[in-house]
Amino acid sequence: MARVAKILTTVFLAVLSLTKVNAQIEWVDGTPSIAEIGQMSITLNYGLKRSGVVYIVVFNYDNQEVLSSSAVRSLARDGASGNIVATSIRTIFPSNTNRVMQVTLEVRDPDQIHTIYVVAERFGFLQPYPVKLSATTLPCSPPNAGNGGTECDLNFVLNATFSGEGTGQWSMISGPGNAFFTPNPRTPDATVTVTAYGTYLFRWTVNNGECSGFAEVTVSFYQPPYADAGRGGNVCSDSFELSARPSTSQGTGTWTMTSGTGTAVFSPDANDPDATVTVSEYGTKVFTWTVTNGPCSDESNVTVNFYEQPVADAGSGGDVCGLEVYLSASLSNGTGTWTRVSGPGSARFTPDANTPNASVEVSRYGDYVFRWTVDNGPCSASSTVSIRFLEEVAANAGNGGDECDREFQLNAVPGMGTGRWTMINGPGDAVFLPNPNQPDATVSVSQFGSYDFAWSEITANCSSVDVIRVVFHPPPLVDAGPDLSVCRGNSIQLQATGSGSFSWSPAGLLSNPLISNPVALPSETTVFTVSLTDNWGCANSDQIKVTVEEALSVYAGPDQDLGFAFETNLEADDLKTGETGHWSIISGSGDFEDTGKNNSHVSNLVIGVNTFIWTISNNVCEPATDTVNIRVSDLIIPSLITPNLDGKNDFFVINGLESLGRTQFIVFNRWGAQVYNVDEYKNDWDGKDENGYPLSNDTYYFILVPENTKMINGFIVIKR
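Basis of the calculations
Residues numbered from 1 in each chain as written. Predicted model: local features only at pLDDT ≥ 70, side-chain atom pairs only at ≥ 80, totals over all residues. Heavy atoms only, no water. Salt bridge = Lys/Arg side-chain N within 4 Å of Asp/Glu carboxyl O. Helix = DSSP H or I, 4+ residues; strand = E, 2+ residues; numbered from the N terminus. Buried < 20%, exposed > 50% of the residue type's maximum accessible area, 1.4 Å probe, protein only. Disulfide = S-S within 2.5 Å. Pairing = 2+ DSSP bridges. Axes fitted to C-alpha atoms, helices over the stretch in contact; angles between N-to-C directions. Contact = heavy atoms within 4.5 Å. Arc of directions from axis to C-beta. Phe/Tyr/Trp six-rings, centres within 6.5 Å; stacked < 30°, edge-to-face > 60°. Lys NZ or Arg CZ within 6 Å of the ring centre and 35° of its normal. Core = buried A, V, L, I, M, F, W, Y, C linked by side-chain atoms within 4.5 Å.

### Brief notes about the pattern of salt bridges
For side chains bearing opposite charge, pairing can occur when the charged atoms are close. Enumeration over the complete set of coordinates arrives at twelve salt bridges. Notably, a salt bridge pairs E216 with R203, separated by 2.5 Å at the nearest N-O pair. With E216 in strand β15 (residues 213-221) and R203 in strand β14 (residues 198-207), this residue pair connects regions lying 13 residues apart in the sequence. A relative accessible area of 23% means that R203 is categorised as partly exposed. Between D698 and R670 there is a salt bridge whose closest N-O contact spans 2.6 Å. Placement of D698 in strand β53 (residues 698-706) and of R670 in the loop between β51 (663-668) and β52 (674-678) is noted, with a sequence separation of 28 residues between them. A single network of salt bridges, built from pairs that share partners, joins R662, E680 and K682.

Structure (C-alpha cells):
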C-alpha cells in the first residue's frame, strides 16, 4: 500500500510539474509596450505565445506603488474608478497566440503621466510580477485657423486645420461689412463672402472638452481695378500722346513699355493717364497701362508705331549727253520711288523706279523734271531734279564680267571728253592701274564680291556716265574629307564635298576619277588630290591621305597547367599602336582584372579547362582572334599511408599542396582527440603524433586549412 501511495504521489508531482510548465507565461517579443499616445488615449501592444488572459490597469498619475499580480487582476476586474481611469481584460484564444495585438485605452486628461500595470494569467497561474509601463498623453494642440491673406473680390477660401475631435466653428470678429460662410461656419475650409471691401478678422473656435480654444486670421478684401489704355496709332516722330481712361475704382495707374526696342520716357510722369511718351528708337512699341489697388491689378495694352520722318534728296541734275543718265538720290529710311514730272518724252527707270541711283532713259531729247518720293509708313517727303538731255555721244564703259581672282581689265570706249573710272559700290576697296583716267585700266579689289564701276565723260556741253558690273569670284570650296585607313587588299570610298566638277588623281587607283565619291584601291599608303571647277571656271583643290594597314595577327599566349590554383596572369602579345584588345570566356569561368589588357590577371577559375579568347582590332582590318586554355587540376589526396620505411607511401603527400599557400594540417583519432597539428604542412607527415611516437594502425580524420582556398577535410588510414 505504501508503494501505491508513493507511486500516486510521484504521478501527482509530475502532473503538477507539467501543469506549471504549461502554465508558464511567455509574452510575444516586444510586448507589452506602448504603441501610440494621443491627447486622451493610450494604445497598448500585447500578445502571448500561449492562450491566456491579460489584465490591464491605468492610473491617472505617476504611480510609484509596488502592486502584486493578484492586485492588478482584482483592480482590472473592478473597473475604472477614482485615479484608475481605464481597465481592460483581454482573452488570448489559441487562434490569436504568437500575434501582436492592440487595445486603445481612453483616458480623461491630456498632458498627464499615466502608469499602466499589465499582468497575464494562464490556467489560474499569474505571472510572478506585473509589467509596469508609463505613458504621458499628448498636450492639447492649439486650434489652427490656417493662413489669412488678400483677395481681389469679396470671397476667400478659409483653411483651418481640424483633427475631427470636438466641434469647430468660424465667426467674424471685426470688419466693415457682414460675412457669410459656405456651406456652413462649421466647415474648416469654408468660403467666406463679405458684403463690403476692407479688412476682416475671422475666428476659428474648437470645443473639445479639455482641449478647447480658438485662433484668428486676417483677410483683406480689395476692390479689383479696371484698366483701359485708350487708343494707339501711327506717328511720324519719336513722341506720342497716350490716352488711358482713369480707373473708376481705387488704385494707381502706371505706364510701362512692354514690347519694342530702346527705352521710353513718360512726361510729366508714368502715372499720368494722358502722358506723352518719347522713345529712343523708332519702331513698333506696346505700352501697358496697369492699375493697381493693393495686391490687385488690371492692365490694358496699346500699340504705337513710331516712324522716322523721311528726308527726300533727289541729287543733282544738269546737262546730259545722250538719252540716259544715272540719278543720284539718297535714301535714309523707308521706300523711295522715281516718277517723271515733266518732259517731252517718256522715261524708263532701270533696274526699277525704287532704286536711288537708278538709270533713267528718255525717249526724246529735251528738258525733264523727275521727282524722288520717300515713304516711311504713313510718313512721306519728296524732292525734284531737272535734267537736260542733249544730242551728243554718251559715255560707253564697255562690258563687265566674271573673274576668278581680284583683278579685271576694264574696256571703256574713249569719247570726245575727259573720262574717269570710279567705284560705285562693292564690298571692298578698288585701285585702278596705271590710273583711273585710262579707259582700259586694270582694276584690283581688296575683297571678293560684286562691284559696280562707272566710266564718266565730261565734254564742253554735257556729261554722261555708264556703269558696268564685275563679279570677282573666290576659289570654290572643296574638301577631300578626313584622312582614312584601309586594310591591305580592301577598297575604300572617298567622299569630297563642294559644288562643281570634280577630278581626282592618281586616276588609275580610282573607280571613276570624275565624281565626288570614287572607290579607291591603293596597294600602299597614297595621297589623293581632288580638284574642283565651279560654273564660273574657278578652280581649287584639296588632298586626302589613305593609309594602308597590314592585316592583324594575334597570339593569346601559351596554354597553362596550374595544378590546384585558381588564378594566373594571361600572356597575350603586346598591342600595337592603334590596336585594342578584349578578353572573353568561351568555356569554364574567370574574372578578369582588365578585359582590355593583354596580360590581365584572371581569377575564380574552375577545376578543368578554362578557355579564353583574345580579340584584337584596329577599326580598319577585320578583327583577329586566338584562344588560350588554362587547366586547373584537382588536388590528389591519398587515403592510405604505409609508414614502414620501405620507401613507398611512407608519407602523407598531397599532390598540388604548393598551390594552397601556407596550409595548417590537423589530425584527430576516431574519438575526436587531436593527435597532430602543424601550422605549415610540408608533405612530411609519416603517421606519428605530435610527440614523434608512431600512431597505431587505424582510420584518422584530418583537416587542411589553406591560405588560398576553403578548408579541406577527409579520412586517412595508417597501415604499417
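The discussion continues.
### Quick look at the state of the cysteines
Disulfide: a covalent bond formed between the sulfur atoms of two cysteine residues. Here the structure, examined in full by the defined rule, presents six disulfides. Taken in N- to C-terminal order, the disulfide-linked cysteines of the protein chain are connected 1-3, 2-5, 4-7, 6-9, 8-11, 10-12.

### With respect to the sheet that holds strand β9 (residues 149-151)
Strand order in this open sheet of four strands is β9-β15-β14-β11, and the pairing throughout is mixed. This sheet does not close on itself; its edge strands, each paired only once, are β9 and β11 (167-174). Within this sheet the neighbouring strands show an average axis-to-axis angle of 30°, counted without direction. By the bridge criterion, three bridges tie β9 to β15 in an arrangement that is parallel.

### Quick notes on the environment of G687
One can find G687 in the loop between β52 and β53. Classification of G687 by relative accessible area gives buried; the value is 0%. Considered as a pair, G687 and S541 are 146 residues apart in the sequence and their alpha carbons are 91 Å apart. G687 has contacts with I641, Y693, P694, L695, I718 and R720, leaving out every residue within four places of it along the chain.

### Brief notes about the pairing of β51
Counting buried positions over the six residues of β51 gives five, a clear majority of the element. The pairing of β51 with β53 spans six bridges and is classified as antiparallel. Paired with T663 across the strands is P706, a residue of β53. In terms of strand pairing, β51 meets β52 through four bridges, oriented antiparallel. Following the sheet pairing, V667 is matched in β52 by Y676.

### Observations concerning helix α2 (residues 69-78)
Those residues of α2 that fall on the buried side of the exposure criterion are S69, V72, R73 and A76. An end-on view of α2 places all buried positions within 100° of arc, on one side of the element. Considering only its buried residues, α2 is in contact with β3 (52-59), β4 (84-92), β6 (113-122) and β7 (125-126). Positive backbone phi, approximately 90°, marks G79, located one or two places after α2.

### Section: the packing of aromatic side chains
The way to describe two aromatic rings as a pair is by their centre distance and the angle between their planes. Using the criterion set out here, one finds 34 aromatic pairs in the structure. Through pairs of rings, three or more aromatic residues link up here, namely F652, F665, Y676, Y681, W685 and F702. Above the plane of the ring of F214 lies R203, whose end atom (NZ or CZ) is 4.0 Å from the centre. Residue placement shows R406 over the ring face of F448; its charged tip is 5.4 Å from the ring centre.

### Thoughts on the side chain of T290
With respect to the element layout, T290 can be found in strand β21 (residues 283-293). In this structure T290 comes out as buried when scored by relative accessible area, which is 18%. Contacts of T290, omitting those with residues within four sequence positions, involve T252, G253, T254, S297, D298 and E299.

### Considerations on the nonpolar core
In this structure, W27, V54, I56, V58 and I116 are the most contacted members of the largest nonpolar core, which totals 21 residues. For this core, the elements supplying multiple residues, two or more each, are β2 (41-46), β3, β4, β5 (101-106), β6 and β8 (131-136). With residues up to four places along the chain from it excluded, the contact list for I116 reads I34, I42, I56, V57, V58, V131, K132, L133, S134 and A135. F564, F652, V667 and I716 belong to the second-largest nonpolar core, a separate cluster that totals 20 residues.

Taken by themselves, the reported measurements are silent on function.
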